[in-house]
Every structure is written in C-alpha cells, then in structure tokens.
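What follows is each chain in one-letter form.
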Amino acid sequence: MKKEITSETKKLLIYLLINSVILIVLYYWIPSMVDFGYMPAIYLVAGVGLTLYYVIYNRGFVAKNATPEMLPNHMSPIEKQKLIEDAKLREHKSRWVLTLLVPIILTFLADMVYLFIFPYFEELFV
C-alpha cells in the first residue's frame, strides 16, 4: 500500500532543495568575495541551535510512537490520548526546522568532501 504524497510534503521538499542550494552557495560564496572565515562557525552555531530547538520543542521525542499502554498508569486515558496527539502535532508543526537543519548538515558534508576526499584522489592520480 503506497502512501500519497501530500501537497504539504511536496512544499517541504521544495523548501529543502531551495535551502540546500542557497546555504551551500552562501557557504562558499561569502568567504570568496570577502575575507570572512567565520562561515563554519556560523553554520555550526545555527545547526546546534536548530537541533536544540527541534529536540526541546518535541519534548525529547518521549511520546513518539507511544501507545496508551506504554504511558504511566497514573495518567487517565484522556490524558494519555492528549499526550500522544500533542506529540504528533508538535512533530508535524516542527518539520520546517528540518528544511534548514538538513541543508546545514549537507553543507558540512560537502565541505568535508572538498577538504578531504578531493585532495586524497588528487594525490592518488597525480
């Protein structure tokens, strides 16, 4: 059974692709135009900040994929259901953070390839 891709998911994918291109281009373009060597630090701080926000907003994902049987007995069934629904809603509402966090991670991955993998292969063939 295939899942339908919603228009909201397509929109998030487009934002992810656009943000990836923009953040990677800015990461390399700004230091080449101006003597500015702080881009890795800025991206690192932004990545850590977004990660902390995402985890804290989602309350550490403690209720992710939880069932009412998995929750404490002192909670009423209504409280359990409310907690589960709130966790799903929070996860859904915070998906936009991933459209910034994933491109930052991809930018660091591209930088590692540029700094370590390319010189390695260049050394092999030269």
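See the structure above.
Residues numbered from 1 in each chain as written. Predicted model: local features only at pLDDT ≥ 70, side-chain atom pairs only at ≥ 80, totals over all residues. Heavy atoms only, no water.

K.L.:
Where do I start with the nonpolar core in this structure?
P.N.:
Where a protein is soluble and globular, its nonpolar side chains tend to be buried together. In this structure, Leu23, Tyr27, Met39, Tyr43, Leu50, Tyr54, Val97, Leu101 and Ile104 together form the largest nonpolar core, which totals nine residues. Among the elements of the structure, α1 (7-33), α2 (39-57) and α4 (95-125) are those that each provide at least two residues to this core. When residues of this core are assigned to their parent elements, the largest contribution, four residues, is made by α2. Excluding residues that lie within four positions of it along the chain, tyrosine 43 makes contacts with Leu23, Leu26, Tyr27, Ile104, Thr107 and Phe108. (Core = buried A, V, L, I, M, F, W, Y, C linked by side-chain atoms within 4.5 Å. Buried < 20%, exposed > 50% of the residue type's maximum accessible area, 1.4 Å probe, protein only. Helix = DSSP H or I, 4+ residues; strand = E, 2+ residues; numbered from the N terminus. Contact = heavy atoms within 4.5 Å.)

K.L.:
Mind showing me how you'd approach the pattern of salt bridges here?
P.N.:
Should their charged atoms come close, side chains of opposite charge can pair. Applying the stated rule across the entire model yields three salt bridges. The closest approach of N and O atoms between arginine 59 and aspartate 86, which form a salt bridge, is 3.2 Å. Of the two residues, arginine 59 is situated in the loop between α2 and α3 (77-93) and aspartate 86 in helix α3; the sequence distance between them amounts to 27 residues. Judged by its relative accessible area of 24%, aspartate 86 falls in the partly exposed class. (Salt bridge = Lys/Arg side-chain N within 4 Å of Asp/Glu carboxyl O.)

K.L.:
What exactly am I supposed to notice about a nonpolar patch on the surface here?
P.N.:
A cluster of nonpolar side chains, Tyr28, Met112, Tyr114, Leu115, Phe116, Ile117, Phe118, Tyr120, Phe121, Leu124, Phe125 and Val126, forms an exposed patch at the surface whose accessible area comes to about 1300 Å². The element that contributes the greatest number of residues to the nonpolar patch is α4, accounting for ten residues. Within the element layout of this structure, leucine 115 appears in helix α4. Residue class for leucine 115 comes out partly exposed when judged on its relative accessible area of 41%. (Patch = residues over 30% accessible without salt bridge, like charges linked within 9 Å, V, L, I, M, F, W, Y side chains within 5 Å. Areas by Shrake-Rupley, 256 points an atom, 1.4 Å probe, with all protein chains shown as cover.)

K.L.:
Would you explain the packing of aromatic side chains in this entry?
P.N.:
Remark: the centre distance and the inter-plane angle together describe each pair of aromatic rings, the angle taken between the planes. Going through the model one piece at a time under the given rule, you end up with nine aromatic pairs. Relative to tyrosine 28, the ring of tyrosine 27 lies with its centre 5.2 Å away and its plane at 85°, an arrangement referred to as edge-to-face. A relative accessible area of 5% places tyrosine 27 in the buried class. For the ring pair tyrosine 27 and tyrosine 43, a centre distance of 5.0 Å and an interplane angle of 65° mean the geometry is edge-to-face. Of this pair, tyrosine 27 sits in helix α1 while tyrosine 43 sits in helix α2, and the two are 16 residues apart along the sequence. We note that tyrosine 27, like tyrosine 43, is buried. Three or more aromatic residues joined by ring pairs make a cluster, and in this case those are Tyr27, Tyr28, Tyr43, Phe108 and Tyr114. Note that arginine 90 overlies the ring of tyrosine 57, its terminal NZ or CZ placed 4.9 Å from the centroid. (Phe/Tyr/Trp six-rings, centres within 6.5 Å; stacked < 30°, edge-to-face > 60°. Lys NZ or Arg CZ within 6 Å of the ring centre and 35° of its normal.)

K.L.:
How do you make sense of the environment of isoleucine 14 when you look at a structure like this?
P.N.:
Its place among the elements puts isoleucine 14 in helix α1. Exposure remark for isoleucine 14: the relative accessible area of 47% places this residue in the partly exposed category. Sequence separation of isoleucine 14 and valine 62 is 48 residues, and the distance between their C-alpha atoms is 29 Å.

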